[in-house]
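If you want the building blocks of each chain, they are given just below.
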Amino acid sequence: MPRVDNDAFYRSALAAHGETAEGVHWNSTETQEVRFRVLRDLLPDDLSGLTLVDAGCGFGDFYCYLERHGERPGRYLGLDVMEPMVETARGRTGCEIRILDVLNDPLPKADYYLCSGAMNTLTREESDRFIRNCYAVCDTGFVFNLLKGWNTSPTYNFYLPSEIKRLGQELAADWRIEEGYLAGDFTTAFIKKQEREC
């Protein structure tokens, strides 16, 4: 059973805060961009030849962050289940943004998948499936962040880095975990070994 009604959860934030970081349940634009910086650091230096899929893209803020820093992936594709967010992301980015459920719909192939915050209200089983689904269709890697801590919240989904490390080992991924940039948060890269050695 889901932790929360995601549709109501995000629509209420959107109604209260509009098309802002708070409107997708981040504390502030500043903390959202700290997370984006760490995610970006775990991607290759040159994105210009890569297809990047942003799973749970919200308003397309990560793409806008890249643009502000003078970067664009070769192709950016955003995925989200919330129609109002998809419409906003299309307008903000000018990119292809699809209404798509990562847990249940077929996923497009890409060099890299990225996820910032979209797993924060999922159950453990859903998060596991989300990670596995994204990792299965990426050619090179999946980079994502999670809330860090003991899984005791009725609303939010917390993990310990050691749990994610074990999942990476099970998937036979090269893994890297970044911590310390914000309290209660960590970022992970799962990289496919055969691709990284090329």
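Quick caveat: nothing in here was measured; it's all calculated off a predicted structure.

K.L.:
How do you make sense of the packing of aromatic side chains when you look at a structure like this?
P.N.:
For any pair of aromatic rings, geometry is given as the distance between the ring centres together with the angle between the planes. Taken as a whole, this structure holds 7 aromatic pairs when the rule is applied. With a centroid separation of 4.9 Å and an interplanar angle of 50°, the aromatic rings of Y63 and Y76 are classed as tilted. Of this pair, Y63 sits in helix 3 (residues 61–68) while Y76 sits in strand 2 (residues 75–80), and the two are 13 residues apart along the sequence. Side by side, Y63 and Y76 carry an identical accessibility label, which is buried. One cation-aromatic arrangement involves R124 over Y159; the distance from NZ or CZ to the ring centre is 3.8 Å. For the cation-ring pair, K192 lies above Y135, with the distance from its terminal atom to the ring centre recorded as 4.9 Å.

K.L.:
What should I look at first to understand the packing of helix 5 (residues 124–137) against helix 6 (residues 161–170) in this one?
P.N.:
When two helices pack together, their arrangement is given by the angle between the helix axes and by the axis-to-axis distance. Helix 6 packs onto helix 5 with a crossing angle of 45° between their chain directions and a minimal axis gap of 12 Å. Taken together, the axes of helix 5 and helix 6 lie oblique to each other. The chirality of how helix 5 crosses helix 6 is right-handed. Contact residues: helix 5 offers R124, D128, I131 and R132, while helix 6 offers E163, I164, L167 and E170. Considered class by class, the residues forming the contact of helix 5 with helix 6 number 3 nonpolar, no polar and 5 charged.

K.L.:
Looking at this model, I keep getting lost on helix 2 (residues 29–41). Mind explaining?
P.N.:
An ideal rise of 1.5 Å per residue puts 18 Å on 13 residues; helix 2 measures up with 18 Å between its terminal C-alpha atoms. Taken together, the buried positions of helix 2 are T31, Q32, R35, F36, V38, L39 and R40. At its buried positions, helix 2 is contacted by helix 3, strand 4 (110–116), strand 5 (138–148), strand 7 (173–178) and strand 8 (185–192).

Criteria and thresholds
Residues numbered from 1 in each chain as written. Predicted model: local features only at pLDDT ≥ 70, side-chain atom pairs only at ≥ 80, totals over all residues. Heavy atoms only, no water. Phe/Tyr/Trp six-rings, centres within 6.5 Å; stacked < 30°, edge-to-face > 60°. Helix = DSSP H or I, 4+ residues; strand = E, 2+ residues; numbered from the N terminus. Buried < 20%, exposed > 50% of the residue type's maximum accessible area, 1.4 Å probe, protein only. Lys NZ or Arg CZ within 6 Å of the ring centre and 35° of its normal. Axes fitted to C-alpha atoms, helices over the stretch in contact; angles between N-to-C directions. Parallel < 35°, antiparallel > 145°, perpendicular 65-115°, else oblique. Left-handed = near helix turned anticlockwise from the far one by under 90°. Contact = heavy atoms within 4.5 Å. Nonpolar A, V, L, I, M, F, W, Y, C, P; charged D, E, K, R; others polar. Expected span 1.5 Å × (residues − 1).

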